[in-house]
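Examining the three-dimensional arrangement
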Amino acid sequence: MDRLRSWGRRIRESPWLLVGIVAGFILFCAWIAWAIHVSSEHGARQGLGALLAWALIAAVVALISIPFVWAFRVIRASARAEQGGSDVEPDAGDAETS
């Protein structure tokens, strides 16, 4: 029950998470519906091919995009580190007195 509550809090904090979940669910349903349509029109062999082909295409796109996502996260983290380091002001005890 606690896990369900934590998911609810996450979704309230980030509405884009809900948008992503809904979009993924709709895409999944469309994929299954397309495979059913192909199998009813052209037979089970082509329906299975449509089911596997789209899954393999999605897997290849995900594998190709991994380095780009990694690079984006590294660049963003380094930009935050640079930005955070310049905003820090020295404490009163660190300042030199003359």
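Everything quoted here is computed from the prediction, not taken from an experiment.

We now examine the overall build of the chain. Secondary structure summary: the chain contains three helices and zero strands in total. Along the chain, from the amino end to the carboxyl end, the secondary structure elements read α-α-α. Evaluated residue by residue, the chain yields a buried proportion of 4% over its 98 residues. For the chain, the exposed surface amounts to about 9000 Å²; the carbon and sulfur share of it is 67%.

What follows deals with the layout of surface pockets. Roughly 180 Å³ of internal volume is contained in the largest pocket. Lining the largest pocket, in full, are Leu27, Ala30, Trp31, Trp34, Trp54, Ala55, Ile57 and Ala58. Put simply, the parts of the chain that give the lining of the largest pocket at least two residues each are helix H2 (15-42) and helix H3 (44-87). Residue composition of the lining of the largest pocket, by class: eight nonpolar, no polar and no charged.

Before going further, it helps to examine the packing of helix H1 (residues 2-13) against H2. Any two packed helices are characterised by the angle at which their axes cross and by the distance between the axes. Here H1 crosses H2 at 105°, and the two axes come no closer than 4 Å. On the basis of their axis angle, the class for H1 and H2 is roughly perpendicular. Side by side, H1 and H2 meet where Trp7, Arg10, Ile11, Arg12 and Glu13 of the first sit next to Pro15, Leu17, Leu18 and Ile21 of the second. Looking at the contact of H1 with H2 residue by residue, the class counts come to six nonpolar, no polar and three charged.

Okay, a nonpolar patch on the surface next. Together, Leu18, Val22, Phe25 and Ile26 make up a nonpolar patch on the protein surface, roughly 390 Å² of accessible area in all. Tracing the chain through its elements places Leu18 in helix H2. In this structure Leu18 comes out as partly exposed when scored by relative accessible area, which is 41%.

Turning next to the confidence of the model for the chain. Detailed reading of predicted coordinates is not advised where the pLDDT is low. For the chain, the average pLDDT comes to 84, and 86% of its residues sit at 70 or higher. For the chain, the element scoring lowest by mean pLDDT is H1, at 78; H2 scores highest, at 93.

Criteria and thresholds
Residues numbered from 1 in each chain as written. Predicted model: local features only at pLDDT ≥ 70, side-chain atom pairs only at ≥ 80, totals over all residues. Heavy atoms only, no water. Helix = DSSP H or I, 4+ residues; strand = E, 2+ residues; numbered from the N terminus. Buried < 20%, exposed > 50% of the residue type's maximum accessible area, 1.4 Å probe, protein only. Areas by Shrake-Rupley, 256 points an atom, 1.4 Å probe, with all protein chains shown as cover. 1 Å grid on protein atoms, 1.4 Å probe; cavity = no way out; pocket = protein on both sides within 12 Å on 5 of 7 lines; lining within 4 Å. Points joined across faces, edges and corners; volume = space filled by probe spheres on them. Nonpolar A, V, L, I, M, F, W, Y, C, P; charged D, E, K, R; others polar. Axes fitted to C-alpha atoms, helices over the stretch in contact; angles between N-to-C directions. Parallel < 35°, antiparallel > 145°, perpendicular 65-115°, else oblique. Contact = heavy atoms within 4.5 Å. Patch = residues over 30% accessible without salt bridge, like charges linked within 9 Å, V, L, I, M, F, W, Y side chains within 5 Å. Salt bridge = Lys/Arg side-chain N within 4 Å of Asp/Glu carboxyl O. pLDDT = per-residue confidence, 0-100.

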